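Residues per chain, in single letters:
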Amino acid sequence: MQKPPLLVDHGNLDRINDISFDGTGKRMATCSSDMTVKIWKKIGASKKGISSSAAEEDLMSSVRSGSSSFPDDNESDSGQRRWVNTHKIQAHNGPVWKVAWADPHFGQIIASCSFDRKAIVFEETAAADSTSDSDTVWTQRKIIVDCQASVIDAKFGPQQEGLILALASVDGLVQVYQACLVPFLS
């Protein structure tokens, strides 16, 4: 008998447009028409015997439903897995269509794209007033404003090509950007 999908209370004010998992599958990013990007961390046991794409599809349908809720904190103690929202990023002025994780080789880097004609690259860094290793913030490293229309897709290239980001906009253009120095994306 198959377990029911894990339900996530996404807490967004509007629909979820995209989900992207990091390279380890232990974190995910969601983006929404409410102009936010959220970072989530998996707590508890992992789902065995199911492909990552099937798990992602299960999770996407659960998150889109909007009628879900977090399991009780006690459930993670019994081996139940759950997703906890760790960061909420509000940097766009319109619905955020896509979010993508870069290869972990480059660090913890995501990109988002939006109706506001911008793509924004963020990097996770230690908080200035950090007292532990778990205190992090997502810092804007690059705001790309070259597009003349809504940016509808953002994808990072494979590691062997370097840190490259491709953007597609509704006017039919595809633009590819490459970071010269990874630690200095700006």
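Quick note: structure is the one above.
Since we're looking at a predicted model, the values are computed, not measured. (Residues numbered from 1 in each chain as written. Predicted model: local features only at pLDDT ≥ 70, side-chain atom pairs only at ≥ 80, totals over all residues. Heavy atoms only, no water.)

**Side note on the overall build of the protein chain**
Moving on, step 1. A count of helical and extended segments in the protein chain gives two helices and eleven strands.
Moving on, step 2. Written out in order from the N terminus, the α and β elements of the protein chain read β-β-β-α-α-β-β-β-β-β-β-β-β.
Moving on, step 3. When each of the 186 residues of the protein chain is scored for burial, the buried share is 41%.
Moving on, step 4. Across the protein chain, every contact between residues at least 6 apart in sequence was considered, and the portion connecting residues at least 24 apart equals 54%.
Moving on, step 5. Put simply, the protein chain shows about 10300 Å² of open surface, and 50% of that area lies on carbon and sulfur atoms. (Helix = DSSP H or I, 4+ residues; strand = E, 2+ residues; numbered from the N terminus. Buried < 20%, exposed > 50% of the residue type's maximum accessible area, 1.4 Å probe, protein only. Contact = heavy atoms within 4.5 Å. Areas by Shrake-Rupley, 256 points an atom, 1.4 Å probe, with all protein chains shown as cover.)

**Details of the nonpolar core**
Moving on, step 1. Among the nonpolar cores identified, the biggest contains 17 residues, and Ile 109, Phe 156, Leu 163, Leu 165 and Leu 167 are the most heavily contacted of them.
Moving on, step 2. Elements with a minimum of two residues in this core: β6 (109–114), β7 (119–126), β9 (151–156) and β10 (164–169). (Core = buried A, V, L, I, M, F, W, Y, C linked by side-chain atoms within 4.5 Å.)

**Focus: the pairing of β10**
Moving on, step 1. Note: β9 against β10, five bridges, orientation antiparallel. Among the inter-strand pairings, Lys 155 is bridged to a residue of β10, identified as Ala 166.
Moving on, step 2. In the sheet, β10 pairs with strand β11 (residues 174–178) via five bridges, with the strands oriented antiparallel. What sits directly across from Leu 165, in β11, is Tyr 177.
Moving on, step 3. Counting the residues in the hairpin turn of β10 and β11 gives four residues, including Gly 172, whose phi is positive at 90 degrees. (Pairing = 2+ DSSP bridges.)

**Remarks on the sheet that holds β10**
Moving on, step 1. The strand order across the open sheet built from three strands is β9-β10-β11, with neighbouring strands paired in antiparallel fashion. A strand with exactly one partner marks an edge of an open sheet, and here the two such strands are β9 and β11. In this sheet, adjacent strand axes meet at a mean angle of 20 degrees when their direction is disregarded. (Axes fitted to C-alpha atoms, helices over the stretch in contact; angles between N-to-C directions.)

**Side note on the pattern of salt bridges**
Between side chains of opposite charge, a pair can form when the charged atoms approach closely.
Moving on, step 1. What the rule picks out here adds up to five salt bridges.
Moving on, step 2. Its salt-bridge partner being Asp 22, residue Arg 27 comes within 4.0 Å of it at the nearest N-O pair.
Moving on, step 3. Note on Asp 22: relative accessible area 9%, which makes it buried.
Moving on, step 4. Between Asp 116 and Lys 118 there is a salt bridge, with its nearest N and O atoms 3.8 Å apart. Side by side, Asp 116 and Lys 118 carry an identical accessibility label, which is buried.
Moving on, step 5. Sharing partners across several salt bridges, the network here consists of Asp 22, Arg 27 and Glu 124. (Salt bridge = Lys/Arg side-chain N within 4 Å of Asp/Glu carboxyl O.)

**Some remarks on the environment of Thr 125**
Moving on, step 1. Tracing the sequence through the fold places Thr 125 in strand β7.
Moving on, step 2. In this structure, the C-alpha to C-alpha distance between Thr 125 and Thr 136, residues eleven residues apart in sequence, is 5.5 Å.
Moving on, step 3. Beyond its immediate sequence surroundings of up to four residues, Thr 125 is in contact with Asp 135, Thr 136, Val 137, Thr 139 and Arg 141.
Moving on, step 4. Of the polar contacts made by the side chain of Thr 125, one reaches the side chain of Thr 139; its length is 3.1 Å. (Polar contact = N/O pair within 3.5 Å; in protein donor to acceptor, adjacent residues only side chain to side chain.)

**Digging into the sheet that holds β7**
Moving on, step 1. Pairing within the open sheet is antiparallel, and its four strands lie in the order β5-β6-β7-β8. At either end of the open sheet lies a strand with only one pairing partner, and these are β5 (96–101) and β8 (136–144). Pairwise comparison of adjacent strand axes, ignoring direction, gives a mean angle of 25 degrees for this sheet.
Moving on, step 2. As defined by bridge partners, β5 adjoins β6 across five bridges and the pair is classed as antiparallel. Within β6, the position partnered with Val 96 by the bridge is Ser 114.

Limitation: the analysis is restricted to geometry and does not speak to function.
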